[in-house]
Amino acid sequence: MPSRRSILRLGGVAAAGIIGALAQAEAAHTPDDSFVRLRRRWREVSVGSGYDPAAEPYRTWLAGLGRAAARHRDAMAPSRTSLWPDQAFPSFMATPRRLRTMAHAYVLEGTGLTGDAGLAAAVAAGIDHYRRQVYAAGADPVGNWWHWQIGVPRALLDAAVLVGLDEGRSVALRDAVDHFVPDSRLARYGGNSTGANRVDLCLVMLLRAMLRSDPGKADLAVSALSPVFRYVSEGDGFYRDGSFIQHTYVPYQGAYGVTLLSGLATLFAVLRGSPWEVSHEIVFDAVERSFAPFVRDGACMDLVRGRGVGRRPFGDHEKGREMAAAILLLGEVAPVAYRARWHAMVKGWAVRNTYRPMLEHREPAFHARLAAIMADDAVPAAPEPVGHRLLSMSARAVHRRPGWCAALSMASHRIGHYEHGNGENLRGWHTGSGMLYWWADGHGDQYSDSFWPTVDPYRLPGTTVSTRRLPDGAGAGWGDTRTPWRWVGGATDGVYAAVGQHLTGLESTIVDSTKQHHARDHALWPAPAESSGHLASILGTMTRAHAVILSTNVRMNSRPPLQNGSTSRAGVISSMSKMTGRTSSTANATRCQVA
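It should be emphasised that the depicted structure is a prediction, and the values quoted were computed from it without experimental measurement.

Asker: What should I look at first to understand the pairing of strand β8 (residues 387-391) in this one?
Answerer: Each regular strand displays side chains that alternate between the two surfaces of the sheet. In terms of residue burial, β8 counts as a mostly covered element, since four of its five residues are buried. In this structure, β8 lies alongside strand β9 (residues 396-401), joined through five bridges in antiparallel fashion. Residue pairing in the sheet places Arg389 in a bridge with Val398 of β9. Counting the residues in the hairpin turn of β8 and β9 gives four residues, including Ala395, whose phi is positive at 55 degrees.

Okay, structure coming up:
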C-alpha cells in the first residue's frame, strides 16, 4: 500500500482513483492525535479565536449569538414535516444553518451557552432528526444538486464536528454523506465538480474525515484539490492573465471565486502542521493577479459577480468584505512577503470603505484579524493602485487613474454577454456589449443601492445595443450567451491601453460591430464604431470633466468586420503607438492580449 505522502504526490484523478479503491472500508483511527488537533484547528479557524470575548464589540455580538441559539433550542418541535414549525422540510438552507448557529454558541466563549450539555444534546438530536426525515442514505436527491452535496452536508458536518455525536448518530450521518457525496464525486475534474464547487466538495470530504477520524477521506480531500492548482486555457479555473471563470463562460471572481478563495484559505489554515498540509503558489499569486484588480475601495466590481449582481443592495460591498476576510485568513499561511502586501491592501480597502465599514460586520474571527491590522501603525494603508489591467481571456478591462476608476465588460466566443439562472439576473442581456462602469472618489456606492432593479437594461452606460425588446432570461442559461467572434482584448503597457471587441448583440439587429476604447491619463473613450445591419439605438453616456469622457460615434456602412486576431492585433497596437508615442521598435514594451 502506498504511503499517504506518495498518494498525495500523485495528485488529481489518478490519486482520487487509487484512494477510492483503498477507502471502501472505513480506516481505523490513526494512532496519533492528528484528528483531535484537526478538529481543534477547525474550531479555531471556522468559528474564531484570538480575541477577548469580554471586550466590545465581541461581548455584545456573542451575547446576541447566545440568545439566538437559545431561541432556536426552545422553539425546536421535531415532527415528520419539520424541525421548527416555521421551516417545513426540506428546508435545505434554514434548518442546517440554525443547527450550525447553535453549535457555534456551544463552542464560543461569552455566549452564555458555552459548553452547555443541553444545547449540545439539542444540536445532536436536531442533526439526527433532519438526517432521518430529509438527508437519509438512499433518499432521492430531488432539486438542486448543490444542496445535497455541498450546502446541507457542510452545515450538518460542521455542527457535528463542533459538538460531537454519539457513535450511532455519527455512523448514520457518515452513511448519509457517503451516499450523497461518494468518493467517485472527486474522481473526475469536470461537470459541476470544478473550481469553487471542487473546493467545496473537498471541504465536505475533510469534514467527513474529521467526523470519523478517517485518514483515507482526508487523503482524498487534499489530493482532489490538485486540478484547482493549474492554470487553464479554457473552461473553469484560473488563467495566466488573471482571469477566473466558472460555469465555463462567466468571469466570476466576485462570487464563485470568493467561495474558492475562502475555501482554500480555510483548508490551508486548518491543515497546516498536519500530515495533510497543503498550499500552492498559484493561489497566493491569484490574490493580486485575479481578485484585487476588481476591488475598488473595498467593494467588488459587479462585472465579475455573474448572476448575483441583483440579489440584494450593497452585495458588491458584501463580496468585497468576504474577499478581504479570505485574504487575511490566507495570509496566516502565506510567505511573509505576500502577507505584508495583503495586510496593507486590505487595510486600505477598510479605511476607504465608508459605505459599509468592514469592522461593523459581526464576524468575530474576521473582525479580530482586521482590527489587529488597523491598530498596527507599522502596517500602512495602501492607496488605490494606478494602472491598467487587461484580462482578455475573460473579456474584462480595468483602468485606474488618480481619483477615478473605470471598467469594461465585453463578450466573445468564450465569454457570454451575461448569465442568468435560478430565476436571477433575467435582464442583464446587454452587460457584455461594452458596458462601462465608473467610480470616483466619494462615489463608491453608485452600483450598490438597487442599481440593477432600477436601471433601464436597454440603456446601460457605454453599450452599443438594439432597442429590440427581449424576454426575461433571453438566451441560453448559465452564461452561454456568447458571440461568434474570437476577437476581444487589446494592447496595454500597464498604464495606457487600447481595448476592443468584435460584437454581435444578443438576439439583436446588430450582427457585426467593432468597438474600441482608448484608456489614457484623464479619459477613457471609444473610437468610432463600425457596424453593419440595422442599428435601432446607440447609447453613450456618463461624462465627468477630467475623469471619464465617453461618447459613441457610429458609422453605418457595409465594410467587412474584423475577422481574426491578426488584423485586430495590428489595429490595437497601432492605437497604442498613437497614444504612447511608441514605434514598432518598442512594440515589445506593449503587451497585446487577444482571446
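Asker: Please explain the packing of aromatic side chains as it appears in this structure.
Answerer: Two numbers describe a pair of aromatic rings. These are the distance of the centres and the angle of the planes. Inspection of every chain in the model, using the stated rule, returns 22 aromatic pairs. Both rings, one in Phe451 and one in Trp452, keep their centres 4.9 Å apart while their planes meet at 90 degrees; by these two values the pair is edge-to-face. As far as burial versus exposure is concerned, Phe451 and Trp452 are alike and both buried. Ring pairs connect the aromatic residues Phe229, Phe268, Phe284, Tyr338 and Trp342, which therefore count as one cluster. The residue whose ring lies beneath Arg356 is Phe314, and the NZ or CZ to ring-centre distance is 3.6 Å.

Asker: Is there a simple way to think about helix α10 (residues 215-223) in this case?
Answerer: Side chains that are three or four residues apart share a direction in an α-helix, a result of its 3.6 residues per turn. In terms of burial, α10 is largely enclosed, as nine of its nine residues are buried. All of the buried residues in α10 are Pro215, Gly216, Lys217, Ala218, Asp219, Leu220, Ala221, Val222 and Ser223. The N-terminus of α10 is capped by Asp214, whose side-chain oxygen sits 3.0 Å from the backbone nitrogen of Gly216.

Asker: Explain helix α14 (residues 336-352) to me, please; I cannot follow it from the model alone.
Answerer: Here α14 contains 17 residues, and its C-alpha end-to-end distance of 25 Å stays within 8% of the 24 Å for a straight helix at 1.5 Å per residue. Residues of α14 that are buried: Tyr338, Trp342, Ala344, Met345, Val346, Lys347, Gly348, Trp349 and Ala350. Tucked into the core, α14 has its buried residues touching α12 (281-291), β6 (295-296), α13 (315-331) and α15 (364-374).

Asker: Would you take a moment to explain the pairing of strand β14 (residues 497-503) for this structure?
Answerer: By the criterion of burial, β14 is predominantly enclosed, with seven of the seven residues buried. Neither face of β14 is exposed, since Ala497, Val499, Gln501 and Leu503 on one face and Ala498, Gly500 and His502 on the opposite face are all buried. Sheet analysis places strand β13 (residues 488-492) next to β14, joined by five bridges and oriented antiparallel. Of the residues in β14, the one forming a bridge with Val488 is Gln501.

Asker: Explain the environment of Asp166 here, please?
Answerer: Structurally, Asp166 can be placed in the loop between α7 (145-163) and α8 (167-180). Taking the C-alpha atoms as reference points, Asp166 and Ala124, separated by 42 residues in sequence, lie 8.4 Å from one another. A polar side-chain atom of Asp166 sits 3.2 Å from the main-chain amide nitrogen of Gly168.

Asker: Looking at this model, I keep getting lost on the nonpolar core. Mind explaining?
Answerer: One finds Tyr135, Leu264 and Leu330 to be the most contacted residues of the largest nonpolar core, which totals 156 residues. Looking at which element gives the most residues to this core, the answer is helix α9 (residues 195-212), with twelve residues. Setting aside residues no more than four positions away along its own chain, Leu264 makes contact with Val199, Leu225, Val228, Phe229 and Val283.

Asker: How should the sheet that holds strand β4 (residues 244-246) be read in this particular structure?
Answerer: Hydrogen bonds along the backbone pair up the strands of a sheet, which may run parallel or antiparallel. With antiparallel pairing, the three strands of this open sheet are ordered in space as β3-β4-β5. Unpaired on one side and paired on the other, β3 (237-238) and β5 (250-251) mark the two borders of the sheet.

Asker: Honestly, the pattern of salt bridges in this entry has me stumped. Any pointers?
Answerer: Charged atoms that come close allow side chains of opposite charge to pair. Here the structure, examined in full by the defined rule, presents 36 salt bridges. Between Glu44 and Arg41 there is a salt bridge, and its shortest N-O distance comes to 3.3 Å. One end of the pair is Glu44 and the other is Arg41, both in helix α3 (residues 34-46) and three residues apart, which spans about a single turn. A relative accessible area of 29% means that Glu44 is categorised as partly exposed. Among the charged side chains, a salt-bridge network with shared partners connects Arg296, Asp297, Arg352, Glu384, Arg400 and Asp441.

Asker: Looking at this structure, I do not really get the packing of α9 against helix α11 (residues 256-271). What am I missing?
Answerer: The N-to-C vectors of α9 and α11 enclose an angle of 35 degrees; their axes lie 8 Å apart at closest approach. Here α9 and α11 pass one another in a crossing that is left-handed. For the pair formed by α9 and α11, the contact residues are Gly195, Ala196, Asn197, Val199, Asp200, Leu203 and Leu206 on the first element and Tyr256, Thr259, Leu260, Gly263, Leu264, Thr266, Leu267, Val270 and Leu271 on the second. Of the residues belonging to the contact of α9 with α11, the class tally is ten nonpolar, five polar and one charged.

The rules behind each value
- Residues numbered from 1 in each chain as written.
- Predicted model: local features only at pLDDT ≥ 70, side-chain atom pairs only at ≥ 80, totals over all residues.
- Heavy atoms only, no water.
- Buried < 20%, exposed > 50% of the residue type's maximum accessible area, 1.4 Å probe, protein only.
- Helix = DSSP H or I, 4+ residues; strand = E, 2+ residues; numbered from the N terminus.
- Pairing = 2+ DSSP bridges.
- Phe/Tyr/Trp six-rings, centres within 6.5 Å; stacked < 30°, edge-to-face > 60°.
- Lys NZ or Arg CZ within 6 Å of the ring centre and 35° of its normal.
- Polar contact = N/O pair within 3.5 Å; in protein donor to acceptor, adjacent residues only side chain to side chain.
- Expected span 1.5 Å × (residues − 1).
- Contact = heavy atoms within 4.5 Å.
- Core = buried A, V, L, I, M, F, W, Y, C linked by side-chain atoms within 4.5 Å.
- Salt bridge = Lys/Arg side-chain N within 4 Å of Asp/Glu carboxyl O.
- Axes fitted to C-alpha atoms, helices over the stretch in contact; angles between N-to-C directions.
- Left-handed = near helix turned anticlockwise from the far one by under 90°.
- Nonpolar A, V, L, I, M, F, W, Y, C, P; charged D, E, K, R; others polar.

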